[in-house]
Amino acid sequence: MSPKFQAISLKKPLEALGAEVVETPVIRIEPPEDLEPIVQATTRLDEYDWIIFTSVNGVHSFLDKAQVTVRNRIAAIGPATAEALESHGLHVSVLPKRFVAESLFDALEKFTDIKGQRFLLPRADIARETLPNMLQSAGAIANVIVAYRTVTSPQEVLRANALVRSGKVDAVTFTSGSTVRSFFSEHDAIVRERCVPASIGPITSKALREIQVEPIIEAKYYSIAGLVDAIHE
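Note that the structure is predicted; figures quoted are calculated from it, not measured. (Residues numbered from 1 in each chain as written. Predicted model: local features only at pLDDT ≥ 70, side-chain atom pairs only at ≥ 80, totals over all residues. Heavy atoms only, no water.)

### Brief notes about the overall build of the protein
(1) Moving on: Of regular secondary structure, the protein possesses 11 helices and eight strands.
(2) Moving on: Its C-alpha radius of gyration of 18 Å places the protein within 12% of the 17 Å reference for a compact globule of 233 residues.
(3) Moving on: Taking the principal axes of the C-alpha coordinates as reference, the protein spans close to 55 × 35 × 30 Å.
(4) Moving on: A burial count over the protein gives 48% of its 233 residues as buried.
(5) Moving on: Only carbon and sulfur atoms are counted for the fraction: they give 50% of the accessible area of the protein, which is about 11900 Å².
(6) Moving on: Side chains of the protein carry 25 positive and 29 negative charges; the gap between the two charge centres is 1 Å. (Helix = DSSP H or I, 4+ residues; strand = E, 2+ residues; numbered from the N terminus. Rg over C-alpha atoms; globule rule 2.2 N^0.38 Å. Buried < 20%, exposed > 50% of the residue type's maximum accessible area, 1.4 Å probe, protein only. Areas by Shrake-Rupley, 256 points an atom, 1.4 Å probe, with all protein chains shown as cover. Lys, Arg positive; Asp, Glu negative; His and termini not counted. Charge placed at Lys NZ, Arg CZ, Asp CG, Glu CD.)

### What about the sheet that holds strand β5 (residues 141–152)?
(1) Moving on: Within the open sheet, the five strands sit side by side as β1-β5-β4-β2-β3. Their pairing is mixed. Looking at strand neighbours, the two that pair on one side only are β1 (27–30) and β3 (73–76), the edges of this open sheet. The sheet shows a mean angle of 25° between the axes of neighbouring strands, direction not considered.
(2) Moving on: In terms of strand pairing, strand β2 (residues 50–53) meets β3 through four bridges, oriented parallel. Pairing of F53 across the sheet is with A76, part of β3.
(3) Moving on: Relative to the sheet, helix α4 (residues 79–87) contacts β2 and β3, its axis offset from that of β3 by approximately 145°. (Pairing = 2+ DSSP bridges. Axes fitted to C-alpha atoms, helices over the stretch in contact; angles between N-to-C directions. Contact = heavy atoms within 4.5 Å.)

### Quick notes on the layout of surface pockets
(1) Moving on: In this structure, the largest pocket encloses a volume near 1300 Å³.
(2) Moving on: T54, S55, I77, T175 and S176 are, among the 48 residues lining the largest pocket, the residues nearest its centre.
(3) Moving on: Among the elements that make up the lining of the largest pocket, the one with the highest residue count is helix α10 (residues 202–210) (six residues).
(4) Moving on: Split by residue class, the lining of the largest pocket holds 26 nonpolar, 16 polar and six charged. (1 Å grid on protein atoms, 1.4 Å probe; cavity = no way out; pocket = protein on both sides within 12 Å on 5 of 7 lines; lining within 4 Å. Points joined across faces, edges and corners; volume = space filled by probe spheres on them. Nonpolar A, V, L, I, M, F, W, Y, C, P; charged D, E, K, R; others polar.)

### Describing the confidence of the model for the protein
(1) Moving on: Mean pLDDT over the protein stands at 92; residues scoring 70 or higher make up 96%.
(2) Moving on: By mean pLDDT, the top-scoring element of the protein is strand β7 (residues 197–199) (98), and the lowest-scoring one is helix α1 (residues 4–16) (77). (pLDDT = per-residue confidence, 0-100.)

In structure tokens form, the structure reads like this:
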């Protein structure tokens, strides 16, 4: 149920384990409706001490438009995001052990005195407010800008629902809260009953439980590789 690029990275290792994988990316990534905040931010990067990236999509959506030299300190939510940043030639100073906002904040606190520092957070339009709220509570200045939008793909939702309803699917992978909300947007009771959710981590599992769907599988290591391992186990 991932965006296209995540579906591809899930497909190969699952197929290597002998699984039959059907790709149904129920969300797609699109540019923000208003590009001006990104343009303004990229021309004023010297005003920020840190840039925090909480997704691979955020990295590419922001840096592909930046066209400037980034000299700020960088924090990343997880290894895939860090790898994307390194592909742009950027060094990641802070990478948490657990790939959620709360752990990233803890890692930042251990690395530096947060109070008074300025943070730029390029992210999705529907991202959680947890991290900017924690930064502001610690005395930092956190500027959030929308780097990309997460949009439901209705045709893929219908296709994915039909596969589950038919009983042809043994498990459904969810890599974010937005994939959960999109997949279940049809409110199909049979789909809810027959779906065996495989969640990439606790935030995605929380989104499932909020709609009264219990994750049967949850990755211990909150990444694509961790999700594959959990499914395999």
